[in-house]
Amino acid sequence: MTQNNTAKLELGDKQIELPVVVGSENEHAVDITRLRSETGYITLDSGFGNTGSCQSAITYIDGEKGILRYRGIPIEQLAQQSTFVETAQLLIYGELPTADQTRRFSDLLSQHQRLHERVYKHFANFPSESHPMAVLSSMINAVSCHHPDILEMEDEHTFDSAAARLISKVRTIAAGAFKTAHGEPITYPRTDLPYVRNFLHMMFSLPYDDYDPDDDVVNALRLFLILHADHEQNCSTSTVRMVASSGANLFASCAAGVCALWGPAHGGANMAVLKMLTEIHDQQIPYKDYMERVKQKEFRLMGFGHRVYKNFDPRAKILKQAADKILPKLGINDPLLDIAKGLEEVALKDDYFISRNLYPNVDFYSGIILRAIGVPINMFTVMFAVGRMPGWIAQWKEQVDSKGRIFRPRQIYTGANERDYVPVAQR
Ligand code: CMC
């Protein structure tokens, strides 16, 4: 970060100079920290579309050029060559790990993969129709109750152990939520399986039937998790950092992130896309008719549009190519993939979408891949959360290490002016 010039701002008869901050990719920001104390004004930026809430060295996005990099490394390279565990270490610790560092981190993941027996019992107390995102967020806090030592986070060693616990256990919880919702016995993790295979084992093995996934299935889930691992200051990550800024522990902050991710404008969009494609398929709705209703703003085309990407979402590109490869390899001919491609084709030629820079985002094709590997629709956002956990942990640590102030936005009050209380009998 450099500070090489200033911005001048005139407000009535006052003029102030504000520092300009420049990032390592030449992004510019006007630092308004002193604005209110020197002028009495605040800035107003509904939805924070124009507000930098922090300086971060984790993930870089260029929305105009469709660039996404974790710690400087293009997402395309990680998608092709990395493992999810290695990508998690890259995000959290800043560098690609050596083989020895990965071995040690993987050992920690294995060591912490089981839940406390009492935590397993919680699953039985949720109604079977519970949303798995509700189960996931509650269980992350429940897990932390059994490890009071890691809540204090006094040294690097405790952080490593807490980070590994969370990355490992979130997958065990996700699989437990899935099993509970489907009335199946919980499958315990195995120490001999790597991360993604172990996750699939906990999801799909039964006491009398071990699930041995095809390499293509393992690879599809690896890809999904890597592509979701971080995305700078989106809604859930900003939530994690906001909660962290109050001094809250890693588990509480990430449980809050899960809740923020749940909404259909954010991570919940992957479920919404599949519901939309299924509706179009089952009711045989012509694309043009559906698109007309979108353009009339009756509803949004789910999986389209992005606050930052105004050209294309590189993750969607990778996932579309992956769907094209993986489905035939698994012998699946999914009509929903054809519908998604048909909608995309119509949208990319339509002025409504072109003029608003609306392109497919990560959620447009991800659900088709999850469906192909047997993940039911209500688990889609949970899978996103499992993938996003390393990013949340990295962002939590960066926030805590920055020793920054508590996040506390201001507002412009538009309510009633001072008035007297009226006793109920006189109202
Ligand atoms: N379908 C139809 N119109 C849209 C869509 C869409 N998916 N997205 C935006 N628009 C229109 C919107 O109506 C507005 O039109 P106008 O200028 O006429 O009022 C214009 O485009 C700008 O929309 P916005 O709401 O100001 O854009 P935003 O940056 O606040 O919202 C978004 C970004 C992702 C929430 C939005 O595009 C959206 O709701 N998309 C559908 C849900 C979705 O796919 N979410 C996943 C996002 S990516 C993964 C993640 O974050 O988890």
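### A few points about the overall build of the protein
- Assigned secondary structure in the protein consists of 19 helices and six strands.
- Relative to its length of 427 residues, the protein is compact, with a C-alpha radius of gyration of 23 Å against a globular reference of 22 Å.
- In terms of its C-alpha atoms, the protein occupies a principal-axis envelope of roughly 80 × 65 × 60 Å.
- Contacts in the protein between residues at least 24 apart in sequence constitute 69% of all its contacts with a sequence separation of at least 6.
- Summed over its atoms, the accessible surface of the protein is roughly 21600 Å², and 50% of this surface lies on carbon and sulfur atoms.

### Quick look at the pairing of strand β2 (residues 14–22)
- With three bridges connecting them, β2 and strand β3 (residues 28–30) associate as antiparallel partners. Looking across to β3, one finds that Val-21 is bridged to Ala-29.

### What to know about the site of the ligand
- For the ligand, the set of nearby residues contains 22 residues, the closest of which are His-266, Lys-297, Leu-301, Gly-303 and Arg-307.
- At 2.7 Å, a side-chain N or O of His-266 approaches an oxygen atom of the ligand.
- Coverage of the ligand by the protein amounts to 74% of the 930 Å² it exposes when considered alone.

### A closer look at the nonpolar core
- Ile-140, Tyr-195, Leu-277, Leu-301 and Ile-393 are the most contacted members of the largest nonpolar core, which has 116 residues in total.
- A total of 12 residues in this core trace back to one element, the largest contributor, which is helix α8 (residues 156–181).
- When residues no more than four places from it in sequence are discounted, the contact partners of Leu-277 are Leu-336, Ile-339, Ala-340, Leu-343 and Ile-368.

### Some thoughts on the environment of Arg-408
- Inspection of the secondary structure assignment puts Arg-408 in the segment after α19 (380–401).
- Assessed through its relative accessible area of 64%, Arg-408 is described here as exposed.
- Distance from Arg-408 to Leu-115, taken between C-alpha atoms, is 35 Å for residues 293 residues apart in sequence.

### Here we look at the packing of aromatic side chains
- Counted according to the given criterion, the structure contains 12 aromatic pairs.
- Here Phe-159 and Trp-396 contribute two aromatic rings whose centre-to-centre distance is 6.4 Å and whose plane-to-plane angle is 5°, an arrangement assigned as stacked. Of the two residues, Phe-159 sits in helix α8 while Trp-396 sits in helix α19, which places them 237 residues apart along the sequence.
- Looking at Phe-159, the relative accessible area reads 3%, which means it is buried.
- The interplanar angle of 85° and the centroid separation of 5.1 Å between the aromatic rings of Phe-364 and Tyr-365 together place this pair among those described as edge-to-face.
- Cation over ring: Lys-317 sits above Phe-312, and NZ or CZ is 4.3 Å from the ring centre.

### Here we look at a positive patch on the surface
- Where like charges cluster on the molecular surface, the positive patch consists of Arg-36, Arg-405, Arg-408 and Arg-410.
- With relative accessibility at 69%, the residue Arg-405 sits in the exposed group.

### Quick notes on the sheet that holds strand β4 (residues 59–62)
- Strands sit in the order β4-β5-β6 across an open sheet of three strands; the sheet is antiparallel. Looking at which strands have only one partner, the edges of the open sheet turn out to be β4 and β6 (73–74).
- Pairing between strand β5 (residues 67–70) and β6: two bridges, direction antiparallel. What sits directly across from Tyr-70, in β6, is Ile-73.

### A look at unusual backbone geometry
- For Glu-232, which is not a glycine, the phi torsion comes out positive at approximately 40°.
- Looking at the secondary structure, you find Glu-232 in the loop between α10 (215–227) and α11 (235–245).
- For Asn-357, which is not glycine, the phi dihedral falls at a positive 55°.
- Residue position: Asn-357 is located in the loop between α17 (351–355) and α18 (362–372).

### Notes on the pairing of β5
- On β5, burial follows the alternation: Leu-68 and Tyr-70 on one face are buried, whereas Ile-67 and Arg-69 on the facing-out side are not.
- Note: β4 against β5, four bridges, orientation antiparallel. The partner of Thr-59 across the bridge, within β5, is Tyr-70.
- Counted along the chain from β4 to the antiparallel partner β5, the turn is four residues long, and its residue Gly-66 has a positive phi close to 70°.

### What to know about the state of the cysteines
- For the structure shown, the criterion picks out zero disulfides.
- Here Cys-254 is not disulfide-linked; the sulfur of Cys-259 is the nearest cysteine sulfur, at 12 Å.
- Look at Cys-254 and you get buried, because its relative accessible area is 0%.
- As a non-bridged cysteine, Cys-259 has Cys-235 as the owner of its nearest cysteine sulfur, 11 Å distant.

### Description of the pattern of salt bridges
- Counting across every chain of the model gives 24 salt bridges.
- In this structure, Asp-62 and Lys-65 form a salt bridge, with 3.9 Å as the shortest nitrogen-oxygen distance.
- A residue is classified by how much of its surface remains accessible, and Lys-65, at 58% relative accessible area, is exposed.
- A salt bridge links Arg-114 to Glu-117; the nearest nitrogen and oxygen atoms lie 2.9 Å apart.
- Here the salt bridges share partners, and the residues they tie into one network are Asp-100, Arg-103 and Arg-104.

### Digging into the packing of helix α15 (residues 314–329) against helix α16 (residues 335–349)
- Contact pair α15 / α16: the axes reach a minimum separation of 12 Å and the direction vectors enclose 150°. Considering the angle they form, α15 stands roughly antiparallel to α16. Along this stretch, α15 crosses α16, giving a crossing that reads as left-handed. Only Leu-337, Lys-341 and Glu-344 of α16 make contact with α15, whose side of the interface consists of Lys-320, Ala-323, Asp-324 and Leu-327.
- Tallied by class, residues from the contact of α15 with α16 come to three nonpolar, no polar and four charged.

What counts, and where the lines are drawn
Residues numbered from 1 in each chain as written. Predicted model: local features only at pLDDT ≥ 70, side-chain atom pairs only at ≥ 80, totals over all residues. Heavy atoms only, no water. Helix = DSSP H or I, 4+ residues; strand = E, 2+ residues; numbered from the N terminus. Rg over C-alpha atoms; globule rule 2.2 N^0.38 Å. Contact = heavy atoms within 4.5 Å. Areas by Shrake-Rupley, 256 points an atom, 1.4 Å probe, with all protein chains shown as cover. Pairing = 2+ DSSP bridges. Near = heavy atom within 4 Å. Polar contact = N/O pair within 3.5 Å; in protein donor to acceptor, adjacent residues only side chain to side chain. Core = buried A, V, L, I, M, F, W, Y, C linked by side-chain atoms within 4.5 Å. Buried < 20%, exposed > 50% of the residue type's maximum accessible area, 1.4 Å probe, protein only. Phe/Tyr/Trp six-rings, centres within 6.5 Å; stacked < 30°, edge-to-face > 60°. Lys NZ or Arg CZ within 6 Å of the ring centre and 35° of its normal. Patch = residues over 30% accessible without salt bridge, like charges linked within 9 Å, V, L, I, M, F, W, Y side chains within 5 Å. Salt bridge = Lys/Arg side-chain N within 4 Å of Asp/Glu carboxyl O. Lys, Arg positive; Asp, Glu negative; His and termini not counted. Charge placed at Lys NZ, Arg CZ, Asp CG, Glu CD. Disulfide = S-S within 2.5 Å. Axes fitted to C-alpha atoms, helices over the stretch in contact; angles between N-to-C directions. Parallel < 35°, antiparallel > 145°, perpendicular 65-115°, else oblique. Left-handed = near helix turned anticlockwise from the far one by under 90°. Nonpolar A, V, L, I, M, F, W, Y, C, P; charged D, E, K, R; others polar.

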